[in-house]
Amino acid sequence: MPDLPTGTVTFLFTDIEGSTQLWERYPAAMKIALARHDGLLRQTIEANGGYVFKTVGDAFCAAFPTASAALLAALMAQRAFGKEAWGETGPLRVRMALHVGAAEERDGDYFGPPLNRVARLLSTGYGGQILLSAAAQELIRDQFPNEVVLRDMGEHRLKDLVRSEHVFQIIVPDLPDDFPPLKSLDVLPNNLPIQLTSFIGREKEMAEIKQLLLTARLLTLTGSGGTGKTRLSLQVAAEVLDDFANGVWLVELASLSDPVLVPQTVASVLGVREEPNRPLLTTLTGYLCAKHLLLILDNCEHLIEVCAQLADALLHACPKLHILASSREALGIAGETTFNVPSLSLPDPKHLPPVGAEFVPALTQYEAVQLFIERALGALPGFTVTNQNAPAVAQICYRLDGIPLAIELAAARVKMLRVEQIAMRLDDRFRLLTGRSRTALPRQQTLRALIDWSWDLLSKAERVLLRRLSVFSDGWTLEAAETICQDEGWSEALQSSSFILHPFEVLDLLTQLANKSLVMVEHEQGEETRYRMLETIRQYARDKLLEEKEGEQVRQQHLDYFLKLAERAEPELRGPDQKAWLNRLELEHDSLRAALEWSMNSDAEAGLRLAGALWRFWEIRGYLGEGREWLSQILALPGVSSRTIARAKVLSGAGVLAYSQSSYAAAHALYEESLVIQRELGALGRKGIADALHGLGNLALRQENCTEARSLHEESLAIRRELEDRQGIADSLLDLGRVARNQHDWVSAHSLFAESLTIQRQCGNQHGIAATLYQLGNVAAWRGELALARSLYEESLAIGQELEDRHGIADTLNHLGSIAIEQSDYTFAHLLLERSLVIEQELGDKLEIVHVSTSLGELARLQDDYERARIYYEKSLALSRELGSKEFTAINLLNMGYVEKHQGEYERATELFKEYLILYRELGRMDSITVSLAGLGGAAGVQRLPIRAARLLGAAAALLEALGADSRMDPADRAEYDRDVAAVRAQLDEALFVAAWAEGRAMTLEQAIAYALEDSA
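Quick look at the structure, then. (Residues numbered from 1 in each chain as written. Predicted model: local features only at pLDDT ≥ 70, side-chain atom pairs only at ≥ 80, totals over all residues. Heavy atoms only, no water.)

Topic: the overall build of the protein chain
Turning to step 1, where the next piece is worked out: Counting secondary structure elements, the protein chain contains 45 helices and 17 strands.
Turning to step 2, where the next piece is worked out: Overall, the protein chain is about 120 × 85 × 55 Å in size when its C-alpha atoms are taken along their principal axes.
Turning to step 3, where the next piece is worked out: Put simply, 70% of the contacts in the protein chain that link residues at least 6 apart link residues at least 24 apart.
Turning to step 4, where the next piece is worked out: Put simply, the protein chain shows about 42,600 Å² of open surface, and 51% of that area lies on carbon and sulfur atoms.
Turning to step 5, where the next piece is worked out: Counting 102 positive and 140 negative side-chain charges, the protein chain places the averaged centre of each group 3 Å from the other. (Helix = DSSP H or I, 4+ residues; strand = E, 2+ residues; numbered from the N terminus. Contact = heavy atoms within 4.5 Å. Areas by Shrake-Rupley, 256 points an atom, 1.4 Å probe, with all protein chains shown as cover. Lys, Arg positive; Asp, Glu negative; His and termini not counted. Charge placed at Lys NZ, Arg CZ, Asp CG, Glu CD.)

Next up, the structure:
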């Protein structure tokens, strides 16, 4: 297969004229004929150096490095088709078009304006005809074979509605050359206006609308202002122009204000004169009754009733008439089909692809980004999107909801502002987005004027509801709207309208707003129906709410509603329905944020309760930094300084989030303050005392003080048993098991984890079940039961993924990576560990970042990539020291020692192994002392001190045997040890090695440590 042409490319597009009818009449024969067609066409294209990059049905899209090669392929194919015996279908008539231009190649496909142009050129031709654009003709004219003649077909408006194209036809003696006039906009009856800007995207929508027009007599395109209904209807009209024998006719209604003028405007467009003593509608129906015609009624919303009456009358009297209407709401008559025009496709700034060579191409596949770039180029020739400003472009498109008009207004600002500045100013978008063409309708010149137009068409009740709905940040349920937006019981001073909005009226008004395209209805599978506004509409409505005296009351009702929701969810986050409640809080997270923000200015006590109910959600879903910030701000408010249960609860929650991000000093202060308050409260604070003690116990364990951790957890467990707090008991048992695990008491650890798991299952706490399975996996892994450990980890991971527990997912991926290392599946291990590291970095858990980085270093060392291992170990060592973790500091000293040894720094390696040995002697960890002896033995070996090396390695071997199951080495350490023993044995006579080895094995632990710490010189 040839390489894809790049740069300036010649495109050859083909399709079969009348293929639909052929398929209907000869389905079996057509299948055979099409296969022959495809084979012949592909063969001639590839024989001439072309590349078929797409086929759609019977249409071929090919790219050539030169125009002459493309023309030769077209001629050869047409001649082959003419000679072929097609059988029952008769000759297949294939039309072809060539155009030249620069297009973007991506993943074996091409994108850009030249492809649209050649497709439009092809649609004007007939089967057997070969058409050239002016650009293609310019490149080919001096290279024509002698028999080829060009026929100048003149200027033609293509169906892209922008600029015309000078078209040429290829004439050769042995091919047909007599065809009807080209099916361009100049030939077919229509009044479609020339557009000054190109049409971007919408391929999916156009295909759906064209399909609907085959059967729908009245099709109404609905959508909020600025979504491009008019432009889309014009483009569709151009596409279907040759389907209507009597043409396509546009009736523009936006500038009309008098309903009486609507029939007159339609008649004027069609050239129908009003007759004396005869109703104009009768004259219109008489003119249209036998015509196959598409009538476009554009911008009907402000004249909806008269447009509906006129459409109904015309459709009943004119059986071949089709109407394509655009309006912010449906006309509401029998037989109407509606199509809601969505916003342009747009990227989510929260999930952008990684910055790199493919970053900008990945963003430009979105229609909103394409529109911004093209309009920005019109405003500032030379404008480019780079890796640096592309995130800002994505942000603009996202925050403007993919609304074409808003994006065009924003793009026009690149003349004066950098893209990043435009993005920063979007909070004041109604001031920023002004200044469109002076010839545009007034409502299309600024974003505010556009929405003013919709607002002015609403009833008073619809306006009241719309502005109150603006308190919702990212959608709402019917129940929430009914509760928050009603004003029953308000004082007369608060009511801003002359009527009371009752809860039972909300649904009808919401329906009307949805019909007017100001509210969108979202049906999720198995979920409650939700509603939302485009952010641009919401900000406009919010401004209207702030202008009214009702604004504070609506916000207070919003806060009250979401406080009740959060407090209802809080206990459920530890029960069998926790997934559903986590998802519910996730859906409402933006509104919960808005409620918290409002509480800080109006009702601090409600904010304290709300934050206290949400911290566990933030913990599980990984909003650690955000949750800490909210809790910190709430706790600092003057209105919540009283020493209450609510304050103590928030302090403990803040301690949990601080602990999860390895902020140990902050966590300790928060837990201690909570504990003091709870103790002051006496019996009322017993549960809070247990929670604070539990947090302090986990903190002590993180800081490697197992004795204090055990004491605190046992005190917490006693209180929880007294209170019969089953979930609390399970949590205490789980963390007492962690203490036993850190002390290498694997029997006790397993027993405590198993007991905790039983209670977690009884409580239905999936989060707790996952955490306990993970710990049981750690026990199994240490015992060398790798298959069991992997099974437990995978079960834990499945639950974590279902709950979207990012912390649990990251931890489990890390340990699954370690299992993969032990099983020598290094590729899979690297994938798991890298995924884990990304999540831990996003969460900001420094200790777990240390853990994963250490594992990645071990993996690199096993693959003899010591430079990469050094990078991971140095990062881990620095973080370990910052956190004050003696254990991980020691581990990374050992690891760095191995790296130094392999890179020839033997004295430095020996110093690091000794430092590791001293730390673990202080911690009393025999297994780790064994590893340090082995490391020092290996270092002595490479320093050509084989007797010393053999003694140290022999001492390590004896300790390994004495410790039994508690002395498992990590795979990298074991591999290092085995290599070192072999290397030292090779340096010595066998008798000398055996003697030195025996001397080492005979040493006591104290003797071995003292010998290891001696100066080796």
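Now, onward.
Here's the deal with the pattern of salt bridges
Turning to step 1, where the next piece is worked out: Under the counting rule described, the total for this entry stands at 62 salt bridges.
Turning to step 2, where the next piece is worked out: Put simply, Arg375 and Glu408 hold a salt bridge, and the shortest N to O gap is 3.1 Å. Of this pair, Arg375 sits in helix α12 (residues 367–379) while Glu408 sits in helix α14 (residues 404–411), and the two are 33 residues apart along the sequence.
Turning to step 3, where the next piece is worked out: Overlapping salt bridges, with partners in common, bring together Arg861, Lys901, Asp973, Glu976, Arg979 and Asp980 in one network. (Salt bridge = Lys/Arg side-chain N within 4 Å of Asp/Glu carboxyl O.)

So, the packing of aromatic side chains
Turning to step 1, where the next piece is worked out: One pass over the full model with this rule turns up 16 aromatic pairs.
Turning to step 2, where the next piece is worked out: Considering the side-chain rings of Phe11 and Phe53, the 6.0 Å spacing of their centres and the 80° angle between planes classify their relative orientation as edge-to-face. Of the two residues, Phe11 is situated in strand β1 (residues 8–16) and Phe53 in strand β2 (residues 51–56); the sequence distance between them amounts to 42 residues. For the residue pair Phe11 and Phe53, the accessibility class agrees, reading buried in each case.
Turning to step 3, where the next piece is worked out: With 6.4 Å between their ring centres and 75° between their planes, Phe472 and Phe562 make a pair best called edge-to-face. Residue Phe472 is found in the loop between α18 (460–469) and β15 (476–477), and its partner Phe562 is found in helix α22 (residues 551–572); the two are separated by 90 residues along the sequence. (Phe/Tyr/Trp six-rings, centres within 6.5 Å; stacked < 30°, edge-to-face > 60°. Buried < 20%, exposed > 50% of the residue type's maximum accessible area, 1.4 Å probe, protein only.)

Observations concerning the nonpolar core
Turning to step 1, where the next piece is worked out: Ranked by internal contacts, the top residues of the largest apolar core, which has 179 residues, are Phe372 and Leu469.
Turning to step 2, where the next piece is worked out: Discounting residues that sit within four places of it in the chain, Leu469 has contacts with Trp476, Ala481, Cys485, Leu510, Leu513, Val519 and Met533. (Core = buried A, V, L, I, M, F, W, Y, C linked by side-chain atoms within 4.5 Å.)

Side note on unusual backbone geometry
Turning to step 1, where the next piece is worked out: Look at Asn277: it is not a glycine, yet its phi comes out positive at around 60°.
Turning to step 2, where the next piece is worked out: Relative to the elements of secondary structure, Asn277 occurs in the loop between α8 (261–270) and α9 (280–288).

Focus on helix α30 (residues 706–723)
Turning to step 1, where the next piece is worked out: The end-to-end C-alpha distance of α30 is 26 Å, a good match for the 26 Å that 18 residues give at a rise of 1.5 Å each.
Turning to step 2, where the next piece is worked out: Where α30 is buried, its residues contact α29 (686–702) and α31 (726–742).
Turning to step 3, where the next piece is worked out: Just past α30, the residue Glu724 takes up positive phi, approximately 55°. (Expected span 1.5 Å × (residues − 1).)

A word on the pairing of β1
Note on strand geometry: in a regular strand, side chains alternate between the two faces of the sheet.
Turning to step 1, where the next piece is worked out: The element β1 is extensively covered by neighbouring structure, given that eight of its nine residues are classed as buried.
Turning to step 2, where the next piece is worked out: Summarising the sheet, β1 and strand β4 (residues 94–102) pair through nine bridges and their orientation is antiparallel. Within β4, the position partnered with Thr10 by the bridge is Val100.
Turning to step 3, where the next piece is worked out: Strand direction decides the pairing type here: β1 and strand β3 (residues 59–64), joined by five bridges, are antiparallel. Across the sheet, the residue bridging to Phe13 is Cys61, located in β3. (Pairing = 2+ DSSP bridges.)

Some thoughts on the side chain of Glu588
Turning to step 1, where the next piece is worked out: Its location among the elements puts Glu588 in the loop between α23 (578–587) and α24 (589–602).
Turning to step 2, where the next piece is worked out: In this view, Glu588 contacts Gly475, Thr477, Arg530, Phe562 and Leu565; residues no more than four positions away in its chain are not counted.

What about the packing of helix α37 (residues 846–862) against helix α39 (residues 886–902)?
Turning to step 1, where the next piece is worked out: One way to put it is that α37 packs onto α39 with a least axis distance of 11 Å and a crossing angle of 20°. Compared by their axis directions, α37 and α39 come out roughly parallel. Between α37 and α39 the crossing geometry is left-handed. Within the contact between the two elements, α37 uses Leu847, Val850, His851, Thr854 and Arg861 and α39 uses Phe888, Ile891, Asn892, Asn895 and Tyr898.
Turning to step 2, where the next piece is worked out: Grouping the constituent residues of the contact of α37 with α39 by class yields five nonpolar, four polar and one charged. (Axes fitted to C-alpha atoms, helices over the stretch in contact; angles between N-to-C directions. Parallel < 35°, antiparallel > 145°, perpendicular 65-115°, else oblique. Left-handed = near helix turned anticlockwise from the far one by under 90°. Nonpolar A, V, L, I, M, F, W, Y, C, P; charged D, E, K, R; others polar.)

Considering the sheet that holds β15
Turning to step 1, where the next piece is worked out: With antiparallel pairing, three strands are arranged side by side in an open sheet as β15-β17-β16. Lying at the two open borders of the sheet, with one neighbouring strand each, are β15 and β16 (520–522).
Turning to step 2, where the next piece is worked out: As paired strands, β16 and strand β17 (residues 530–532) are joined by three bridges and run antiparallel to one another. Within β17, the residue paired with Met520 across the bridge is Arg532.

Quick look at the environment of Leu513
Turning to step 1, where the next piece is worked out: Looking at the element boundaries, Leu513 is found in helix α20 (residues 503–515).
Turning to step 2, where the next piece is worked out: Judged by its relative accessible area of 0%, Leu513 is buried.
Turning to step 3, where the next piece is worked out: C-alpha of Leu513 to C-alpha of Ala820: the two residues are 307 residues apart in sequence and 56 Å apart in space.

Quick notes on the packing of α29 against α31
Turning to step 1, where the next piece is worked out: Here α29 crosses α31 at 15°, and the two axes come no closer than 11 Å. Put simply, α29 runs roughly parallel to α31. Note that α29 runs across α31; the crossing there is left-handed. Contacts between α29 and α31 involve His694, Asn698 and Leu701 on the former and, on the latter, Asp731, Ser732, Asp735, Arg738, Val739 and Asn742.
Turning to step 2, where the next piece is worked out: Residues of the contact of α29 with α31, tallied by class, amount to two nonpolar, four polar and three charged.

Overview of the sheet that holds strand β8 (residues 149–157)
Strand pairs in the sheet, formed through backbone hydrogen bonds, run parallel or antiparallel to each other.
Turning to step 1, where the next piece is worked out: If you walk across this open sheet you meet the seven strands as β2-β3-β1-β4-β7-β9-β8, and the pairing is mixed. The strands lining the two open edges of the sheet, one partner per strand, are β2 and β8. Recorded for the sheet is a direction-independent mean angle of 25° between the axes of neighbouring strands.
Turning to step 2, where the next piece is worked out: Bridge analysis of β4 against strand β7 (residues 130–132) gives three bridges, and the strand direction is parallel. Across the sheet, the residue bridging to Met96 is Ile130, located in β7.
Turning to step 3, where the next piece is worked out: Packing of helix α4 (residues 113–123) onto the sheet brings it into contact with β1, β2, β4, β7 and β9 (164–171), and relative to β4 it is tilted by some 155°.

So yeah, pure geometry; function would need other evidence.
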